[in-house]
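Listed here are the chains, written in short residue letters.
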Amino acid sequence: MPDVLLLALLLAAVAIGWWLGRRERRGLGTPATSPGLARDYFVGLNYLLNDQQDRAIETFIGALEVNSDTIETHIALGNLFRTRGEADRAVKIHQNLLARPTLSGAQGERVQLELSRDFLHLGLLDRAERLLQGLVREGQDDELRQSAKRLLVDLLEREGEWQAALDVALPHLVRQHDDIRRAAAHWLCELADQERRSASPVLARRHLKQALATDARCVRANLLLAEMALDTGQYRQAIRLLKRIPDQDKTFIPSMLEPLSRAYRLLDDEVGLIQYLQELLETVPYTSVIILLAETLRRHHGDARAAHELVAHQLNREPSLGAVDYLIRLYLREAHGNEDERIELLQHHTHTLLQSLPRHRCRRCGFSGEHLHWQCPRCRSWGTTKPITGIEGE
C-alpha cells in the first residue's frame, strides 16, 4: 500500500480518536475540548499537505494516544516504516506498544509477531527467533501461531538449520502448504548431501527416501540417489532411478542426461542408451536429448550420416538454436580440412550466442543463469528453477 494512502488512514485514525475522546469526555461530564490534540492534528495535516511525510508521521504519532482503539493503527504505522526500509523505527513503535500494561494477550501476541518481522528485516535473527519460539510454544491464537511457525521456518532455512526447520514444519505446515512441502523435500536433500559428503550413505538414503515420501515430484532426490548408485557401481539401479524423472517433471530431463549417459557407458550398453533416447524424443524433442542421441549414433555407426539425418529431422519438427549449432559443427567435422571460412564464421556466431544465453530460469520470479539452483537466489523458492525451453533453450 502506498505511503500516502497509509498516511491518509493514519490521519483518519487520529481524527476518529479525537472525536471518540471528545464524545467520551462529554459522557463523563468533562470538558470536550482538547486543544493540544487539535493543534497536533492540524499541524500534522499541514505537513502532509506540504508533502513533508516524515514530519507528518512524527506529529501523528505524538497525537495518537495508545489505547485499545488505536493499537491496530500503531501496528500499521510500524509496518509502514518497515516496508519503507526503516525497520529500526518500526522496532521502536512495536516495543513501545509491548511496554503498555493495558495490552490484551491477543494484542501482545500480534505485536510480538510484528516485532519479530522487524528483527528479521534488520538481520537480528537471534532476537527474532526467541520471539517466534515463544509464540509457537505459548501463543493462544491458532492463526497467529501458524504465522509464527511460517516465519520461524523461514528464519531457520536462512540459517541452513534444515533439521530444525523440518521439526517446526512437520507435520501440519507440510500438509497445509504446497510451497513448504516442496521446501521440506529439499531440506531433506540438503541433509542427505551433507551426509553423503561425510561418508554416511545409509543416513543419506534414508533422508532421500523421506524426501520422496514428502514430495513425490522431488526430482533432486532421485538425481542424488542415482549419483549414489553410480558411486557404488550399481549402474542399472542408477538408470532405473533416472528413468523416473520424466514422470516427475519432464522439464528436468536435460539435468538427468549426463549421469544417464555415464551409467549406460559404464555398462557398455550403447544400444540401450540409443533406444531410451529415441523413446524420450517421442515425447520431448529437447535439444540436449537430440545432441546426445546424435553423438551416440555417430560413435555407434562410425560415421555422422545417422546423426545428420536425426538433427535435420528434429529441426524440421522443432526449431532450436542449439541443434543448428551442433549441425554446423558436424559439417565442419566432416569437412576433412576443407572448411569453408563462412561456415566457420557462422558456427562461431551461433556458439557465441548460445554461450551468452542463460540455461535455467525460475518459473516464479524470472531469475535466470547458467547453473541450476535448487533454491532460487532471488525469490528463495525451492524447485522453481528449471531448464529453459524454446528456440533459444531446450
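Since the model is a prediction, treat every value here as computed from it, not as a measurement.

## A closer look at the UniProt feature "binding site: Fe cation" (unreviewed entry) in the chain
Alright, step 1. Within the UniProt annotation, "binding site: Fe cation" (unreviewed entry) is assigned to C362, C365, C376 and C379. A maximum C-alpha distance of 8.7 Å is found for the annotated residues, which run over 18 residues; spatially they form one tight group.
Alright, step 2. With respect to the helices, strands and loops of the structure, C376 is situated in the loop between β2 (368-369) and β3 (385-387).
Alright, step 3. Not counting residues within four places of it along the chain, the set of residues in contact with C376 comprises C362, C365, F367, S381, T384 and T385.
Alright, step 4. Its place among the elements puts C379 in the loop between β2 and β3.
Alright, step 5. Looking at C379, the relative accessible area reads 28%, which means it is partly exposed.
Alright, step 6. Here C379 is in contact with C362, R364 and C365, once residues within four sequence places are set aside.

## So, the sheet that holds β2
Alright, step 1. Strand order in the open sheet formed by three strands is β2-β1-β3, with antiparallel pairing between adjacent strands. Where the open sheet ends on each side, the last strands, each with one partner, are β2 and β3.
Alright, step 2. As paired strands, strand β1 (residues 360-362) and β3 are joined by three bridges and run antiparallel to one another. Bridging across to β3, C362 finds its partner in T385.

## A look at the layout of surface pockets
Alright, step 1. Estimated volume of the largest pocket: approximately 1,000 Å³.
Alright, step 2. If you go around the largest pocket, you meet 34 residues; those closest to its centre are P254, S288, R359, E370 and E394.
Alright, step 3. Of all the secondary-structure elements, those providing two or more residues to the lining of the largest pocket are α13 (219-231), α16 (253-266), α18 (287-301), α20 (321-333) and α21 (341-356).
Alright, step 4. With six residues, α16 is the single largest residue contributor to the lining of the largest pocket.
Alright, step 5. Tallied by class, the residues present in the lining of the largest pocket amount to 14 nonpolar, nine polar and 11 charged.
Alright, step 6. Counting the residues that make up the lining of the largest pocket, at least three belong to each of domain 2 (269-356) and domain 3 (357-393).

## Examining unusual backbone geometry
Alright, step 1. The linkage connecting L170 with the following residue, P171, adopts the cis geometry, with an omega of -10°.
Alright, step 2. With respect to the element layout, P171 can be found in the loop between α9 (162-169) and α10 (172-176).
Alright, step 3. Of note, A199 is a non-glycine position whose phi angle comes to about 60°, a positive value.
Alright, step 4. By relative accessible area, A199 is classed as exposed at 65%.

## Topic: the nonpolar core
Alright, step 1. Residues W187 and L260 are the most contacted members of the largest nonpolar core, which totals 84 residues.
Alright, step 2. When residues of this core are assigned to domains, at least three map to each of domain 1 (67-159) and domain 2 (269-356).
Alright, step 3. Discounting residues that sit within four places of it in the chain, L260 has contacts with I239, L242, L273 and Y276.

## A few points about α18
Alright, step 1. Spanning 15 residues, α18 covers 21 Å between terminal C-alpha atoms, matching the ideal 21 Å at 1.5 Å per step.
Alright, step 2. What α18 keeps buried is the set T287, S288, V289, I290, L292, L293, A294, E295, T296 and L297.
Alright, step 3. Those residues of α18 that are buried lie in contact with α16, α17 (270-283), α19 (305-317) and α20.
Alright, step 4. One or two residues past the end of α18 sits G302, with phi positive at roughly 80°.

## Some points on the packing of aromatic side chains
Alright, step 1. In the structure shown here, the tally under the stated rule is two aromatic pairs.
Alright, step 2. Between the aromatic rings of W162 and W382, the centroid separation amounts to 5.9 Å while the plane-to-plane angle is 80°, which identifies the pairing as edge-to-face. A residue pair is termed long-range when its members are at least 10 positions apart, and W162 in helix α9 and W382 in the loop between β2 and β3 qualify at 220 residues.
Alright, step 3. For W162, a relative accessible area of 11% translates into the label buried.
Alright, step 4. Here W382 falls in the buried class, since its relative accessible area comes to 5%.
Alright, step 5. Ring plane angle 25° and centroid distance 5.6 Å describe the contact between F252 and W374, whose orientation is recorded as stacked. Of this pair, F252 sits in the loop between α15 (245-248) and α16 while W374 sits in the loop between β2 and β3, placing them 122 residues apart in sequence. Taken individually, F252 and W374 each receive the classification buried, so the pair is uniform in this respect.

Here is what the cut-offs are and how they apply
- Residues numbered from 1 in each chain as written.
- Predicted model: local features only at pLDDT ≥ 70, side-chain atom pairs only at ≥ 80, totals over all residues.
- Heavy atoms only, no water.
- UniProt positions renumbered as here; feature names shortened; annotations may be inferred.
- Helix = DSSP H or I, 4+ residues; strand = E, 2+ residues; numbered from the N terminus.
- Contact = heavy atoms within 4.5 Å.
- Buried < 20%, exposed > 50% of the residue type's maximum accessible area, 1.4 Å probe, protein only.
- Pairing = 2+ DSSP bridges.
- 1 Å grid on protein atoms, 1.4 Å probe; cavity = no way out; pocket = protein on both sides within 12 Å on 5 of 7 lines; lining within 4 Å.
- Points joined across faces, edges and corners; volume = space filled by probe spheres on them.
- Nonpolar A, V, L, I, M, F, W, Y, C, P; charged D, E, K, R; others polar.
- Domains from an automatic or database assignment.
- Core = buried A, V, L, I, M, F, W, Y, C linked by side-chain atoms within 4.5 Å.
- Expected span 1.5 Å × (residues − 1).
- Phe/Tyr/Trp six-rings, centres within 6.5 Å; stacked < 30°, edge-to-face > 60°.

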